[in-house]
Amino acid sequence: MTGNNFFARLFQGAQAVLKTNDLGRSTKPAPRLYPHQWNWDSAFIAIGLSHYDNQRARTEIHSLLNGQWKNGMIPHIIFNPAAANYQPGPEYWECHNSPDAPPEVFTSGITQPPILALAALDVYNNATDKQQAGEFLKTIYPRLYSLYRYFIRYRRAGTDGLTYIIHPWESGLDNSPRWDKPLNSFDLQWQPEYKRADNSIVDNAERPSDAEYERYSYLVELYRKLNWNEKAIRRESPFLVQPVLFNCLLSLGLGALEKIAGLVGTNNNEITRWKFELDLAINNRLWDIKKQAYGDFDLVTGNLYYTDTVAQFAPLMAGIAPADRVEQMVRKLHSADYWPTDGYPLCSVSRSDPAFDPIKYWRGPVWININWLVIRGLESYGFQSVARKLADKTLDLVNKNGFYEYFNPHTGRGHGSDNFSWTAALVVDLVTKCDQIDRNI
Ligand code: 2M8
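About the cut-offs
Residues numbered from 1 in each chain as written. Predicted model: local features only at pLDDT ≥ 70, side-chain atom pairs only at ≥ 80, totals over all residues. Heavy atoms only, no water. Phe/Tyr/Trp six-rings, centres within 6.5 Å; stacked < 30°, edge-to-face > 60°. Helix = DSSP H or I, 4+ residues; strand = E, 2+ residues; numbered from the N terminus. Lys NZ or Arg CZ within 6 Å of the ring centre and 35° of its normal. 1 Å grid on protein atoms, 1.4 Å probe; cavity = no way out; pocket = protein on both sides within 12 Å on 5 of 7 lines; lining within 4 Å. Points joined across faces, edges and corners; volume = space filled by probe spheres on them. Nonpolar A, V, L, I, M, F, W, Y, C, P; charged D, E, K, R; others polar. Salt bridge = Lys/Arg side-chain N within 4 Å of Asp/Glu carboxyl O. Near = heavy atom within 4 Å. Polar contact = N/O pair within 3.5 Å; in protein donor to acceptor, adjacent residues only side chain to side chain. Areas by Shrake-Rupley, 256 points an atom, 1.4 Å probe, with all protein chains shown as cover. Sits in = over half its atoms within 2 Å of the grid points.

Colleague: Can you explain the packing of aromatic side chains? Please cite residues and give values.
Modeller: Per the stated rule, a full pass over the model turns up 32 aromatic pairs. Ring geometry for Trp93 versus Trp169: centroids 6.2 Å apart, planes at 40°, classification tilted. In this pair, Trp93 is assigned in helix 4 (residues 90-93) and Trp169 in helix 7 (residues 168-171), connecting sequence segments 76 residues apart. Through a chain of ring-to-ring contacts, the aromatic side chains of Tyr34, Trp38, Trp40, Phe44, Tyr86, Tyr361, Trp362, Trp367, Trp372, Tyr406, Phe420 and Trp422 assemble into a single cluster. Across from the ring centre of Tyr124, 5.2 Å away, lies the NZ or CZ of Lys130, which sits over that ring. Positioned over the ring face of Tyr213 is Arg196, at 3.8 Å from the centre of the ring.

Take a look at the structure:
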């Protein structure tokens, strides 16, 4: 990165964060709060790395694939044996009781938004040595394919293309108000077997509540008893939700997988069909006619829940919504509910929603990965100037406040962990693209 000093400074700052969190073959999301490898974090991280160290980006993906289960699932955490002080740790998950878990690696038993193919494709597109990058795609293709087939085989409820999640941690937006209803639809008196460590590293006011953690741990202990058997979990789980964001990120992943299949010379008709069925179901089944917005379907209660949070813009991020709905979404995200006039976009929960809290985890603050996904979506629909405005605001936010995990949309102040990897990685991607656009003007 040369030329623009602002971009160059941010780029270097971001590289330093990724170096701090580099574990050799993988990158931890944050220095102390998240000492292991996380699934969608590593995908974002690979995208950032691919701009200046393409080989290291490929290693990031290889190390994530190393934790893949026999059934294709990539777990949400691959534990770093050298790290302690993260709860719940590997001993709590007891994943080795599943015949699908890899024997030599400790992992969690649940997954996260499957954006890995998107990352692999970006790594290829950003590589200067296309032959080497093409070999990389060929090598990983069978594993990528089995990751996506996992969702089709094991996470469809049977009737249509939508997939469900079994835990709020799978959504990536852990304590979003989107899960308040499904998570509280069952009675519970519960004491987890472990003591939380997160709220001694980060201010308790910025993290999920104890009541939420009790439910998170209840679900893990239930699935553990079922030896992580998918069929049994489907039968017994009190939390089965088909979220719009998760399904849209699956759709983005399938779109990228389709392209990768083309690049490696494999027939991709089946992937095209999976994506077609999924997109159709998102637009038909997750559209709330009364609210005129997308919601999440709760398989346990049989309700479609609309919640006024940024996840409702997911079909825009994935490029799969019809034009009239897109225009409506662009208007909404540009309104003061999501884009405060004197502050920073995008609030993760609408400021008009009673659940909005500007510093509490996924209940209001700005998250860089969400902004990044919206920027890509806006660009795909030709909203270049809104996309650029959002990118500029995002970069300004990080430049003034640091590489934090999330940010207060009113003051810009950083919260959660500092030196947060995906913030850094996606800043690298944004500055590289903005710089390219500016040079071409
Ligand atoms: C957060 O989730 C973990 C549990 O997976 C936690 O709170 O301990 C979420 O923000 C999630 O999306 C993210 O992948 C993870 C690591 O950054 O942290």
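Colleague: Mind laying out empty space enclosed by the protein, listing which residues take part and the relevant values?
Modeller: The tally for this structure, following the rule as stated, stands at 5 cavities of 30 Å³ or more. In this structure, the largest cavity spans a volume of roughly 200 Å³. Looking at the largest cavity, it is lined by 19 residues, and the ones nearest its centre are Tyr34, Trp38, Gln112, Asp174 and Tyr361. Grouping the constituent residues of the lining of the largest cavity by class yields 12 nonpolar, 3 polar and 4 charged. Approximately 70 Å³ is the volume attributed to the second largest cavity. Taken together, Trp287, Gln292, Ala293, Tyr294, Gln312, Phe313, Arg325, Gln328, Met329 and Lys332 form the lining of the second largest cavity. Contributing elements (two or more residues each) for the lining of the second largest cavity: strand 5 (293-294) and helix 15 (323-333). Element by element, the count of residues in the lining of the second largest cavity is highest for helix 15, at 4 residues. The class makeup of the residues in the lining of the second largest cavity is 5 nonpolar, 3 polar and 2 charged.

Colleague: Requested: an account of the pattern of salt bridges, with residues and values cited.
Modeller: Any two side chains of opposite charge can pair, given that their charged atoms come close. Within the structure shown, the criterion is met by 21 salt bridges. A salt bridge links Arg376 to Asp122, with the shortest nitrogen-to-oxygen separation between them at 2.9 Å. Pair noted here: Arg376 is in helix 16 (residues 368-380) and Asp122 is in helix 5 (residues 116-125), with a separation of 254 residues, a long-range link. Here Arg156 makes a salt bridge to Glu277, at a shortest N to O gap of 3.0 Å. Of this pair, Arg156 sits in the loop between helix 6 (130-154) and helix 7 while Glu277 is found in helix 13 (residues 269-285), placing the two residues 121 residues apart along the sequence. Members of the salt-bridge network, linked through shared partners, are Arg196, Asp198, Arg207 and Asp210.

Colleague: Outline the layout of surface pockets, supporting the account with residue identities and numerical values.
Modeller: Of the volumes computed, that of the largest pocket is approximately 440 Å³. Elements with a minimum of two residues in the lining of the largest pocket: helix 5, helix 12 (244-264), helix 16, helix 17 (384-401) and helix 18 (421-440). Residue lining of the second largest pocket: 14 residues in total, with Ser26, Gln37, Ile78, Phe79 and Pro81 positioned closest to the centre. For the lining of the second largest pocket, the residue count by class is 6 nonpolar, 6 polar and 2 charged.

Colleague: Before we move on, could you go through the site of the ligand and cite the residues and values that matter?
Modeller: The environment of the ligand is formed by 17 residues, the closest being Asp41, Tyr86, Gly172, Asp174 and Tyr361. Within the side chain of Asp174, an N or O atom sits 2.7 Å from an oxygen atom of the ligand. Measuring from an oxygen atom of the ligand, one finds a side-chain N or O atom of Tyr361 at 2.5 Å. Isolated, the ligand exposes 420 Å² of accessible area, and the fraction of that covered by the protein chains is 100%. Most atoms of the ligand, that is more than half of them, are within 2 Å of grid points of the largest cavity. Residue classes in the shell around the ligand are distributed as 11 nonpolar, 3 polar and 3 charged.

Such coordinate-based values are descriptive only and should not be taken to indicate function.
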